[in-house]
Structure formats: structure tokens, C-alpha cells
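# Geometric and topological summary
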Amino acid sequence: MLHETSPLAIAIFAAFVAGVLWLSFRLGRKGQSAEGYYAAHGQVHWFVNGVAFAGDYLSAASFLGICGLIAFYGYDGFLYSIGFLAGWVVALFVIAEPIKALGKFTFADALDSRFDSRGIKLAVAISTLVVSVFYLIPQMVGAGALVTPLLGLPHWAGVILVGVAVTFIVVTAGMVSTTWVQFIKGSLLVFFCGVLTLLILNRGLVVNAGRPGPPDFTPQTRSIRPDGQVLIDGEPQSAEHDLRPVGTLASLPERYAGEGKTGPLGPLAYLATLEDSTVVTWRRETTRDDDGTHDVFTPRERPAAELLRPGGYFKGLAGGSLIARLDFASLMLALFCGTASLPHILIRYYTVKDAAAARKSTVVGIATIGIFYVLTLYLGLGAMTSGFLDPTNSNMAAPLLAKSFSNTLFAVISAIAFTTVLGTVSGLIMAGSGAVAHDLVENVAGVQMTDHEKVRVGKLAAVGLGIVAMALGILFKGFNVGFLVGWAFNIAASANLPALVMLLFWPRTTKQGITAAVTVGMTASLAWILLSADTFEKVYGISRDLAPMPFSQPGLVTIPLGFLVLVVVSLLTPAPRHR
Amino acid sequence: MSQQQDSTQGSVSVNRVGLALFGVYVLLYGGFMALVLAGPDLLATRVFGGVNLAIACGLGLIVAAVVLSVVYILARASHDRPGRS
């Protein structure tokens, strides 16, 4: 779909992003001039740090991806919310405090704390890089999805915009500002999603989004020709001749018959009333021939109750397919284990002064993130019936939902989401460049560097990572960002969790065991993803039937594989002599 | 060395409270996933205020995570009070 731009929306967006960047630089400079880069972290109040946890964690995947999945497929998107939050339980109860007791500050240092092994440093640095890159892809794709409806720019322009802005931030500003910027973003994101939810409940449910007459069930066709030209129903795409927005309510329960709308509803009444209604969704069929790629979007009326239970996105669940169930179980296991294995989340645990403050801030983080994930259900369902969805791109559901209320709200929501992407991407590029400069070049390769050289290598690595992230962000345009981040969780959980858990709870763990577990977990999960049906179909553009892997999410196999490799290799190598 | 032993002891007691609560959550999360895998039709049952079991379980799991984490810091706070670090 083509999207009209509004000067007011652009002005609000630009002002918001400029404000956050200004704040970031100002705090960054202040942090550097005070008692140093990292010392300032110890002074952060636990409540501020807790909300910053939420700001850090609620990336484009949570906001754009989950809302889009719920709007397009119903309840299954909410399963991501449940899994993403459950991961924090593992982080708080099992991993975080013992790791803090080891008294280390980075993930690689923690795993290596008892051994001083070059093999562990190398394996962990590479796994940090791989996880960071896979986490970067959905952020960049999300950035592209945001600027398309807001600024009227193509997807690639949004990706480049974020890539350049973030690389600029990382190269010029400091890390200390991140906590405050994430605090502000976290608060604003939850606050404005709360406002949106109140507006959704206040609007209630409206048949055909308040448009006159019944919903239009005419199929629509979008063709993309080999030369890139886009045709809608056989004619060139233009503002006058474009895809109709989709996603409406077809009918309400009988008690509202004749009125066409419910008026304001309470949170539970909204869900219960929707369950008794019918909605218009659409089936998308894609074919390819010499004239290009053709997508036919066929609207169809369905009971909303079908969409408010599992099985809309994970198709085989209701049909009883074993492979589909394994794929689903694998994803939910990866989400559960992944959060506690993400290097940039673990590092954040060290930013407050003591264990009690760290615990309290984690709980504030969990509460904030929990509230947000409850809101995602209403945002997604609100978008599903808003009459404003772009059937070609699920990532735009949340911004377009805001647009269904007002352009100002749309600009504010887009700006918050955009700065969320900026912050998350900056953090990931920082973590990745640190892995290159500190772990790979200095510790593994043994290159002695002055402070100045370390900074320069880190900045060069940041620029390199920025370019890689931009390229991948353009390549993965058509993917839902929530789905993409699931891959990052799979790799993180497979590579890092076995080593982390066994190091903490099994004294017989050896350095060779850790190195092997990280290497095998990472390689196996990465190879599985690259050979999966989803990648075959959506990335390589070849038939998914040719893919050798039985299902797309590797965690169910590769997480236990990591544990097995660690135990076997540890038992085959001499026991460590510590303790 | 004694400092290291202190911190190790601290982490062991943390693990006992944390692991117990973790066990509770694994049962809740695992139980829900088993329900999704084994009986998706059951999840369509209306249970609470006209809301179906799928949504009630999902919201319940989110609330449970928050409640258990609050229980955890309260337990840890009372553990810290006798003067242990």
C-alpha cells in the first residue's frame, strides 16, 4: 500500500527523535565528564533501571511484531508475549543472581571466570556477534516498516536512516546515556500504549470500522513485475488506485443488532463481545510466473472466536500435525530459555550498585514488561478490527492502528517506536563491537592496544556491523519482526544457556565442555535455521518442500544438544582443579 | 578466599528460593503449553466473564510472573535482613 504523509506527523516525529538524540548526547557527555563511563551506572536508581530494562527489552519485535501477529492471526501472536515474559522468570530466578555472585561484568568474562581459556573467549565472542546480528535484523526491518507509512519513504530508506543514525550515535556518544534514554522510551512506550488501549476500549467494537454499507469482499491482486513495477488488479499502483485497507468487524452479537457499534466497553467485556462477533480477515495466495510475483488477497468472514484461540499462525496446532506441534513447542522453549541467554540483557543486570537493587529493578522491569504485554493483546485486536491494516505488511499494524485515531497519535507512536529501534540497535552494535575489539582482537588474537586504539577498533567494528545490519534489514523486508526475533532467541538459548546453567550448577564442567557446547549449540541452531523450510521459501525463494529440516525452530533439538555436548566433553576431559 | 565462599553460600540460598519459584512457574508454563499442544479445543471454553480459557491462561501467566517475582524479592529481603550480604 502507498501511504500519504502528513507534515504535522513528520514534524512531531522529527522533534521527538531529535529530542531523544539530544538527550542521549547531553547525558553521554555528562557521564564522561563525571567519574567515568561505568561508575555512573552504579548510581542509577533501581526503579529507573527497572523501567530501563523494559525500554531495552521492548524492542521493535515486541511492539510492531506482536501487534502485527495478533492483528493478522489472532491469539497466536499473544503466545509470543507470554513466552517473551516467561523468559524473564528464568533470568531472575535461575541465572542473574548466581552470575552476579561470580562478580564479573560481561557475559564472556562470566563464562570464562574459572578457566581463563582462549577457546571460551573465542566461542562466546562469536556467539555474541551471531546473536547480536540476528537480533539486529528484526530491528532494522521494523525501522523500515515505521518510516514507510509515516514519511512515505520506501522500506530500504528507513533501514538506511536507522543504520546511519545509530552508527553515528555509537561512534560519537557514550554508553552511560543509554539507561536514561531507555527509561524515557520504556515509560513513554507503556504510557502511550496504555492511552491507545483506553481509546480502543472507549471506541468499542464498530461494524466495518464505521464505514457505510457492508464490508467489501472483492478479492484484490498485487503483482510485482520483474522490473519492480507494482500493479494493483492489473493497473499501475497509485494513490487513487491502491489496495483497500483491510481488517474489519463484519457483525456484532445480537444484542447490538441494528446499532452497528457497542459504544465503550470494559477490558473483559471487549474480549467477550469480540468472541461473539464475526470479523473479516483475508487469505493470501502467492504465485510466481514470468510476469512476476502475484499476491491475491481474498477477504472472508470468520467467527472471531476462531481467532481468539491457538492455531491461527501455528496452523498445524488445531489440525493435529506432529511437525507443527514440535515447531511450536520448540519456539516456546526457545522464548523461555532465550531471554536469560541474551548477552545484552545479562549485562544490564550489572548496572545497579548491589544485589538488592538489581533484584528490585528486575521486578520493576518484569512488572512494566508484563503490563505492556497485556496491552499488546488489546492493541493487536484493536488493529484487527480497525479497518486500517495493510495486508502486505503485518509490521505496520500498530502504527496504522494509531492512525485510525489521529495523525498526531500516529506520529507520537511511530516516533517512540523509532527511537526504541534506535536505542536497541545502538546497544546491540555496542555489544557486538565490544565482542570484536575486547574479546576477539585483544584477548583471542593477543593484539596489544593502547586505549585510543581499542576505541578505534571498536568504532570500526561498529561501522562494519552497521553496514551488515542495513544489508540484512533490506534483505529480510517481508518477514514479521516477531518471527525473526524468535530465531535470535533460538540461537542465544542453544549457544549460551547450556554453558551458563551447567557452569553454575555442575562443578564437573570443564573449559573444553563450555567451548564445545557454545560452538555446537550456535553452529547447529544457525545451520538448522539456514536449512529450514521458512528460510528456503522466504529468503532463498525456493520450494519449502526441498528443505531438509523437519521444522523451522531449532531450539527443541539444539538446546538439549548443547547440554549433551557439554556433559560428554566435560566427562572426557580432565576435571577442573578449582574449589 | 573466604570472601568467595561467602558469595558462593549466598548464591546457594538464592538458588533455593529462586529455584522453588522457578519450579512453580515451569509447572504453570509447561502446563499451559501442554494444554495448547494436547487440547486446543478445550482452550475455546468460556471461563471468566465470557473470556475464553486461552486468554484467561495467557493473562494469568503474565500476572503469575509478576506476582512470583514480587514474592521472590520479599523472600530475599527477609533473608538479607539478619545481616547476611
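Please read these numbers as outputs of a predicted model, since none were measured by experiment.

### Some remarks on the overall build of chain B
The helix and strand tally for chain B stands at two helices and two strands. Counting helices and strands in the order they occur from the N terminus, chain B gives α-β-β-α. Each of the 85 residues in chain B was classed as buried or not, and the buried ones make up 27%. Sequence-distant contacts in chain B: of pairs separated by 6 or more residues, those separated by 24 or more amount to 58%.

### Description of the interface of chain B and chain A
In this complex, chain B contributes 37 residues to the contact, which on the side of chain A involves 38 residues. Those elements giving two or more residues to the side of chain B that touches chain A turn out to be α1 (2–38), β2 (51–52) and α2 (53–80) of chain B. Looking at the side of chain B that touches chain A residue by residue, the classes come out as 24 nonpolar, eleven polar and two charged.

### Overview of helix α12 (residues 322–338) of chain A
The end-to-end C-alpha distance of α12(A), which contains 17 residues, comes to 24 Å, matching closely the 24 Å that a straight helix rising 1.5 Å per residue would cover. Turning to α12(A), its buried residues number three or more, namely A:D327, A:F328, A:S330, A:L331, A:M332, A:L333, A:A334, A:L335, A:F336, A:C337 and A:G338.

### Remarks on helix α2 (residues 46–57) of chain A
Between its first and last C-alpha atoms α2(A) spans 16 Å; for twelve residues at 1.5 Å apiece the expected length is 16 Å, and the two agree. Of the positions making up α2(A), those classed as buried are A:W46, A:N49, A:G50, A:V51, A:A52, A:F53, A:A54, A:G55, A:D56 and A:Y57.

### Quick look at the packing of α2(A) against helix α14 (residues 355–384) of chain A
Residue and element names in this part refer to chain A. One way to put it is that α2 packs onto α14 with a least axis distance of 7 Å and a crossing angle of 45°. Classified by the angle their axes make, α2 and α14 are oblique. The hand of the α2/α14 crossing is right-handed. Only A357, K360, S361, T362, V363, V364, G365, T368, I369 and F372 of α14 make contact with α2, whose side of the interface consists of W46, F47, N49, G50, V51, F53, A54 and Y57. Within the contact of α2 with α14, the residues separate by chemical class into eleven nonpolar, six polar and one charged.

### Some points on the nonpolar core
Formed by 205 residues in total, the largest nonpolar core has its most connected members in A:C67, A:L111, A:V162, A:A383, A:A398, A:I491 and B:A65. Inspection of this core shows a minimum of three residues originating in each of domain 1 (7–204 + 319–442 + 450–572) and domain 2 (208–318) of chain A. Contact partners of A:V162, with chain neighbours within four places excluded, come to A:M140, A:A143, A:V421, A:L422 and A:V425.

### So, the packing of helix α6 (residues 118–151) of chain A against helix α18 (residues 481–505) of chain A
Residue and element names in this part refer to chain A. Relative to each other, α6 and α18 sit at 170°, their axes nearing to 8 Å. Here α18 runs roughly antiparallel to α6, going by the angle between their axes. Here S127, V130, V131, F134, Y135, I137, P138, V141 and G142 of α6 lie close against α18, whose contacting residues are V481, L484, V485, W487, A488, I491, A492, A495 and N496. Residues that form the contact of α6 with α18 fall into these classes: 15 nonpolar, three polar and no charged.

### So, the pairing of strand β5 (residues 278–289) of chain A
All names here are of chain A. Alignment of strand β4 (residues 248–251) against β5, held across three bridges, turns out to be antiparallel. Bridge pairing links L249 to V279 in β5. Note that β5 and strand β6 (residues 292–303) share twelve bridges and pair antiparallel. The residue bridging T278 from the neighbouring strand is P303, located in β6.

### Focus: the sheet that holds β4(A)
Residues and elements named next belong to chain A. An order of β3-β2-β1-β6-β5-β4 is seen for the six strands of this open sheet, with the pairing classed as antiparallel. Both edges of this open sheet fall to β3 (235–236) and β4, since each of them pairs with a single strand only. Here strand β1 (residues 220–224) runs beside strand β2 (residues 230–232); their pairing, made up of three bridges, is antiparallel. Along β2, the bridge assignment pairs S223 with L231.

### A word on the environment of A:T419
Residue and element names in this part refer to chain A. Among the secondary structure elements, T419 is positioned in helix α16 (residues 407–444). We classify T419 as buried; it has 25 C-beta atoms within 10 Å. Between the alpha carbons of T419 and Q182 there is a distance of 9.2 Å; along the sequence they are 237 residues apart. In this view, T419 contacts F16, V17, V20 and K185; residues no more than four positions away in its chain are not counted.

### As for unusual backbone geometry
All names here are of chain A. Positive phi values are uncommon outside glycine, yet D116 reaches one of about 55°. Tracing the backbone through its elements, the reader meets D116 in the loop between α5 (107–112) and α6. Classification of D116 as exposed rests on a count of 10 C-beta atoms within 10 Å. Positive phi is not limited to glycine here, since A209 has a value of about 50°. Mapping A209 onto the fold places it in the loop between α8 (177–203) and β1.

### Digging into the domain arrangement of chain A
All names here are of chain A. According to the domain assignment, chain A contains domain 1 (7–204 + 319–442 + 450–572) and domain 2 (208–318). Between domain 1 and domain 2, the C-alpha centre-to-centre distance is 30 Å. Between domain 1 and domain 2, the residue contacts involve 28 residues of the former and 34 residues of the latter. Among the elements of the structure, α3 (60–73), α4 (75–101), α8, α12 and α14 are those that each provide at least two residues to the side of domain 1 that touches domain 2.

### A few points about the pairing of β6(A)
Residue and element names in this part refer to chain A. Direction of pairing for β1 relative to β6: antiparallel, over a ladder of five bridges. Among the inter-strand pairings, R222 is bridged to a residue of β6, identified as D295. From the end of β5 to the start of β6, which pair antiparallel, there are two residues.

### Brief notes about the confidence of the model for chain A
In the predicted model, chain A carries a mean pLDDT of 84, and 92% of its residues have values of at least 70. pLDDT under 50 marks residues 33–41 of chain A. Its contacts with residues more than four places away, or in other chains, come to twelve contacts.

### A short note on the confidence of the model for chain B
Residues and elements named next belong to chain B. Averaged over all residues, the pLDDT of chain B is 78; the fraction at 70 or higher stands at 74%. By mean pLDDT, the top-scoring element of chain B is β2 (90), and the lowest-scoring one is α1 (72). When the criterion is pLDDT under 50, residues 1–14 qualifies, and its contacts beyond four places in sequence or with other chains add up to twelve contacts. Across the predicted assembly, pTM comes out at 0.87 and ipTM at 0.85.

Thresholds applied
- Residues numbered from 1 in each chain as written.
- Chains lettered and ligands numbered in written order.
- Predicted model: local features only at pLDDT ≥ 70, side-chain atom pairs only at ≥ 80, totals over all residues.
- Helix = DSSP H or I, 4+ residues; strand = E, 2+ residues; numbered from the N terminus.
- Buried ≥ 20, exposed ≤ 12 C-beta atoms within 10 Å, placed from the backbone.
- Contact = placed C-beta atoms within 7 Å.
- Nonpolar A, V, L, I, M, F, W, Y, C, P; charged D, E, K, R; others polar.
- Expected span 1.5 Å × (residues − 1).
- Axes fitted to C-alpha atoms, helices over the stretch in contact; angles between N-to-C directions.
- Parallel < 35°, antiparallel > 145°, perpendicular 65-115°, else oblique.
- Left-handed = near helix turned anticlockwise from the far one by under 90°.
- Core = buried A, V, L, I, M, F, W, Y, C linked by C-beta atoms within 7 Å.
- Domains from an automatic or database assignment.
- Pairing = 2+ DSSP bridges.
- pLDDT = per-residue confidence, 0-100.

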